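# Analysis of the macromolecular model
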Amino acid sequence: MYPERPAGIAYGGDYNPEQWPREVLEEDVALMREAGVNLVTLGLFSWALMEPEEGRFAFGWLDEIIDRLHANGVAVDLGTPTAAPPAWFVARHPDVLPVTREGVRIGFGGRQSACSSAPAFREATARLVRALGEHYRGHPAVVMWHVHNEYGAPLGECYCEHSVAAWRAWLRQKYRDISALNDAWGTTFWGQTYTDWAEIDAPRANHTTVNPAQRLDYARFSDGQHREHYALQRDILRELTPGLPVTTNFAGTVNCKSTDLWQWARELDVIANDHYLQAERPDNHIDLAMSADLARSVAGGRPWMLMEHSAGAVNWQPRNLAKRPGEMRRNSLAHVARGSDSVLFFQFRASRFGAEKFHSGMVPHAGTGSEQWREIVRLGADLRKLAGLRGSRVRAEVALVWDWESYWALELDWRPSVDLTFRERMDAFYEALWREHVTVDFVHPSADISGYRVVVAPSSYLLTEASAKNLHRYVEAGGHLLVSYFSGIVDEHDTIHPGAHPGALRELLGLSIEEFHPLREHETVTLTTGDPARVWSERVRPAGAVTVEGFADGPDAGHPALTRHDLGAGSAWYLATAPVTGLRDLLARVLDHAGVSRPRGLPDTLELVRRGGHVFLINHGDRPVTAEGVSGVSVFDGVRHDGPVTVPAGAVTVLLETPRP
Ligand code: GAL
């Protein structure tokens, strides 16, 4: 369920007028009109103002703001401010303060200062949300609910007494019988056998490493506690305002390590994502694209909302580079190209005080005489021209397997190499595909993947038997699968699949692994392509697979590095190392084998994405780029292009693709 209003692409952001004198509201609504702002998020951190003392609710100040916005055509995404419980509440219930894995109870003065499992917090949440819902039920300005803020960031796991009590209840429900838990966790190792649920603690900091299956379950449990806290609010809001969508914003899909967004997606009416550039990374627009593609994928392909990004610099990175002219526009339009029906910012007006006063806003400290404000106004006008895109889809022929459980499990302690990290491989494959101008979806390994020509599994360390069978069926039916090393190794309890690695995928890949040979830091080996590779080498024994490329030197010289197993109507490829420069070429071979079409001969500074009959050409480079094979009418200036289209340096061209007359 997507919010019915505003029409077209939503434009605006978090708005915190409570930080300003009343007259600034008047100036702000005028500026919103100038920029075409049509949606703002209110109240996200305003619990202390909404409930100044226990049980006394004060919404008058907010009514006035909402009414002014409404009178000016700005719709409201109304926040439930549970990410900022008030000082009086925490003072009365100090037991709600979260405890870290190291046993430190955090203090008041930041945000996210209550544990999602704490009974007092849940009770106070329910009371407040009911009062808020009752008060704003039927208000014409309120078009959706925005619950909490970025669950799991930074508070992923809590180790307080309430968490431990809930954890034991969770385990009991999951395993029923303590011997089932002992089996699942492999507690005969290091003599950890439990005889009673009360003996089980949270996997706290330890002078050695803690049982990995216990930690994996704690990650699942902790994420589920946040979801319960969300669902508590959502259910109240659905009861009171059945027509309004309810969501919560993700702390950047690709950065949300502690939140399994496949699970979260089932609980949300509309997916909302926040994305912030890694300011110092030159190609940070690739991370942006990945975050957007993952948002669209967890939304099941439906349009999603870019709930936050920044107009300029953020304030929380080591060096907070301002966006260069044109960069914000490229960023915003890239999100829209990849399926967002909104462009929202944190925040409308930059704060003068508090922790985020050096964070940019749509209205910067420099005011409206600034280049940034001019860009904001121009972007608002551009987005109005893209209104027709609303509700349209993005199609992808290639999918990347992304599973949070595998992410969690891989990054527990004591793996064969510290260089085995989930994001490193995901980023490498995503980037290679991005540079090939291939639009990708992300999929869970158990999902229906039959519609994709190619599925790539860059980092599927944890793979259940059922998911492995799903991949098997996909290949047999004609799909083409590429698996990267250290995949299919363990099951859902971090227990190694029986037999030689990769237990879950041996048959599908037509090979087994005799020994891992992780490489030293900075060490490289050479592939038969002549390209160097790093991090990993291993002894692959083909059993049905053919060798496509081998290791030319290193511990596995003369043995396979890239294999292909033809199975049924499809093929299963395996890459046993991390090419330094050659990944894109190897991937291209798989794409060609599978007949994946993509534009050729374009520089990889040009982002080319299609959505709803439009083609977006986003030039991230500092030179003009000419693209062949696209034609249509430019949405921003109405010019028709039938020959090659030249996109100036740093610019964005969007064509409504129409055949030549
Ligand atoms: C987000 C958060 C916002 C704001 C922003 C600053 O993660 O949801 O409230 O803090 O970061 O970049």
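This text goes with the structure placed above it.
The structure reproduced in this document is the subject of the present report. The numbering scheme is per chain: residues are counted from 1 as the chain's sequence reads. With pLDDT at 70 or above as the cut-off, local features in this predicted model cover only qualifying residues; side-chain atom pairs require 80 or more to be listed or tallied, and sums for whole chains, interfaces and linings still use all residues. Just so you know, side-chain values use all the structure's heavy atoms and leave hydrogens and water out.

### Some points on the sheet that holds strand 18 (residues 546-550)
What makes two strands pair is DSSP finding at least two bridges between them. Only DSSP runs of H or I reaching four residues or more are called helices, and only runs of E reaching two or more are called strands; each is numbered from the N terminus. One open sheet holds the seven strands; their spatial order is 11-10-12-13-20-19-18, and the pairing between them is mixed. The outermost strands of the open sheet, each flanked by one partner alone, are strand 11 (440-443) and strand 18. Put simply, the sheet's adjacent strands are angled 20 degrees from each other on average, direction ignored. Bridge count for strand 19 (residues 560-567) against strand 20 (residues 570-575) is six bridges, and the pairing is antiparallel. What sits directly across from leucine 562, in strand 20, is leucine 575. By definition in these notes, contact holds between two residues if any of their heavy atoms fall within 4.5 Å. All axes here are fitted lines through C-alpha atoms, helices being fitted over the stretch that makes contact, and every angle between N-to-C directions spans 0 to 180 degrees. Across the sheet, helix 17 (residues 583-594) touches strand 10 (398-401), strand 12 (454-457), strand 13 (480-484), strand 18, strand 19 and strand 20, and the angle it forms with strand 20 is around 170 degrees.

### Observations regarding the nonpolar core
Grouped together as the largest cluster of nonpolar side chains are 192 residues, with contacts concentrated most on Leu42, Leu69, Leu78, Trp185, Leu386, Trp402 and Phe442. By residue number, the principal contributor to this core is helix 8 (residues 212-240), which donates nine residues. Apart from residues no more than four positions distant in its own chain, tryptophan 185 is found in contact with Trp167, Leu171, Tyr175, Tyr194, Ile200, Asn211, Ala213, Gln214 and Asp217. Among the nonpolar cores identified, the runner-up in size contains 12 residues, and Leu606, Leu617, Ala627 and Val630 belong to it. In plain words, nonpolar cores are sets of buried Ala, Val, Leu, Ile, Met, Phe, Trp, Tyr and Cys residues tied together by side-chain atoms within 4.5 Å. The buried label goes to any residue with under 20% of its type's maximum accessible area, the exposed label to any with over 50%, and the partly exposed label to all in between, with areas taken from a 1.4 Å probe on protein chains only.

### Observations regarding a nonpolar patch on the surface
Residues Phe189, Trp190 and Trp414 make up a contiguous nonpolar surface patch of about 440 Å² in total accessible area. Structurally, tryptophan 190 can be placed in the loop between helix 7 (178-185) and helix 8. A relative accessible area of 46% means that tryptophan 190 is categorised as partly exposed. A patch consists of residues whose relative accessible area exceeds 30% and which take part in no salt bridge; residues with like charges are grouped when within 9 Å of each other, and nonpolar side chains (Val, Leu, Ile, Met, Phe, Trp, Tyr) when within 5 Å. Methods summary: accessible areas were calculated by the Shrake-Rupley approach with a probe of 1.4 Å, and residue burial reflects only the protein chains presented. Each reported salt bridge corresponds to a side-chain nitrogen of Lys or Arg within 4 Å of a carboxyl oxygen of Asp or Glu.

### Some points on the side chain of serine 467
Within the fold, serine 467 resides in helix 15 (residues 465-476). If we ignore the near neighbours within four places in the chain, the residues touching serine 467 are Pro445 and Ser446.

### Some points on the site of the ligand
In this text, near means that some heavy atom of the residue lies within 4 Å of the molecule or strand in question. In the neighbourhood of the ligand, the contacting residues comprise Phe45, Arg111, Asn149, Glu150, Asp274, Tyr276, Glu308, Trp316, Phe346, Glu356 and His359. Measuring from an oxygen atom of the ligand, one finds a side-chain N or O atom of glutamate 308 at 2.9 Å. In the complex, 94% of the free accessible area of the ligand, which totals 310 Å², lies under the protein chains. Lining residues are those with an atom within 4 Å of a point, where the points come from a 1 Å grid over the protein atoms alone and group into cavities, where a 1.4 Å probe fits but cannot get out, or pockets, open sets with protein on both sides within 12 Å along at least five of seven lines. Each molecule is assigned to a cavity or pocket provided more than half of its atoms lie within 2 Å of the corresponding grid points. A molecule is said to occupy a pocket when more than half its atoms come within 2 Å of that pocket's grid points, and by this definition the ligand occupies the largest pocket. Under the convention adopted here, Pro, Cys and the residues Ala, Val, Leu, Ile, Met, Phe, Trp and Tyr are nonpolar, Asp, Glu, Lys and Arg are charged, and Gly plus all remaining residues are polar. Looking at side-chain class alone, the shell around the ligand contains four nonpolar, two polar and five charged residues. Polar contact is the term for a pair of N or O atoms within 3.5 Å; when the atoms are in protein, one must be able to donate a hydrogen and the other to accept it, and sequence-neighboring residues count only if both atoms are side-chain atoms.

In short, the description is geometric, and any link to function would need to be established separately.
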